[in-house]
Amino acid sequence: MKYISIILMSLFLVGNANADTRVLEVIPKKTFNVGGKERAYLVCIDSYKFIYTYAFLDSPASTMTQFFEERDGKSLPAKC
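Residues numbered from 1 in each chain as written. Predicted model: local features only at pLDDT ≥ 70, side-chain atom pairs only at ≥ 80, totals over all residues. Heavy atoms only, no water.

**Q** Is there a simple way to explain the pairing of strand 3 (residues 48-56) in this structure?
**A** In summary, the side chains of a regular strand alternate between the two faces of the sheet. With eight bridges joining them, strand 2 (residues 38-45) and strand 3 adopt antiparallel strand pairing. If you follow Arg 39 over to strand 3, its bridge partner there is Tyr 54. Adjacent in sequence and paired antiparallel, strand 2 and strand 3 are bridged by two residues, among which Asp 46 carries a positive phi angle near 50°. Examined bridge by bridge, strand 3 and strand 4 (residues 60-66) share seven bridges and lie antiparallel to one another. Of the residues in strand 4, the one forming a bridge with Phe 56 is Pro 60. (Pairing = 2+ DSSP bridges. Helix = DSSP H or I, 4+ residues; strand = E, 2+ residues; numbered from the N terminus.)

See below:
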């Protein structure tokens, strides 16, 4: 029974996740107020807009934030 549960757990944990990802725009340093070793990108992931920033400071750090827009008084994710 122990071996069967190990096999089943390994099958559940092995998976392949793919997303349609593309860079819509590289945000200029002047616009986003980033320094010399920082980058900002507007990306589209599965038809939703995100802003991705990457900073090379003492240790590399990155953030990703999703865009939202107001439609009919509701806050909804912005589409690409």
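**Q** Looking at this structure, how should I read the packing of aromatic side chains?
**A** Two descriptors summarise a pair of aromatic rings, namely the distance from one centre to the other and the angle between the planes of the rings. In total, this model carries one aromatic pair according to the counting rule given. Ring centres of Tyr 41 and Tyr 52 lie 6.4 Å apart, and the angle between their planes is 25°; this geometry places the pair in the stacked category. One end of the pair, Tyr 41, is in strand 2; the other, Tyr 52, is in strand 3, with eleven residues separating them in the sequence. Judged by relative accessible area, Tyr 41 falls into the partly exposed class, the value being 24%. Assessed through its relative accessible area of 25%, Tyr 52 is described here as partly exposed. (Phe/Tyr/Trp six-rings, centres within 6.5 Å; stacked < 30°, edge-to-face > 60°. Buried < 20%, exposed > 50% of the residue type's maximum accessible area, 1.4 Å probe, protein only.)

**Q** What's the story with the pairing of strand 5 (residues 68-71) in this structure? I'm lost.
**A** Both strand 5 and strand 6 (residues 74-77) contribute to a ladder of four bridges, which runs antiparallel. Along strand 6, the bridge assignment pairs Phe 68 with Pro 77.

**Q** Quick question: what am I supposed to make of the sheet that holds strand 1 (residues 21-26) here?
**A** Within a sheet, each strand pairs with its neighbour through backbone hydrogen bonds, oriented either parallel or antiparallel. The strand order across the open sheet built from four strands is 1-2-3-4, with neighbouring strands paired in antiparallel fashion. Looking at strand neighbours, the two that pair on one side only are strand 1 and strand 4, the edges of this open sheet. Averaged over all adjacent pairs, the angle separating strand axes in this sheet is 30°, with direction ignored. (Axes fitted to C-alpha atoms, helices over the stretch in contact; angles between N-to-C directions.)

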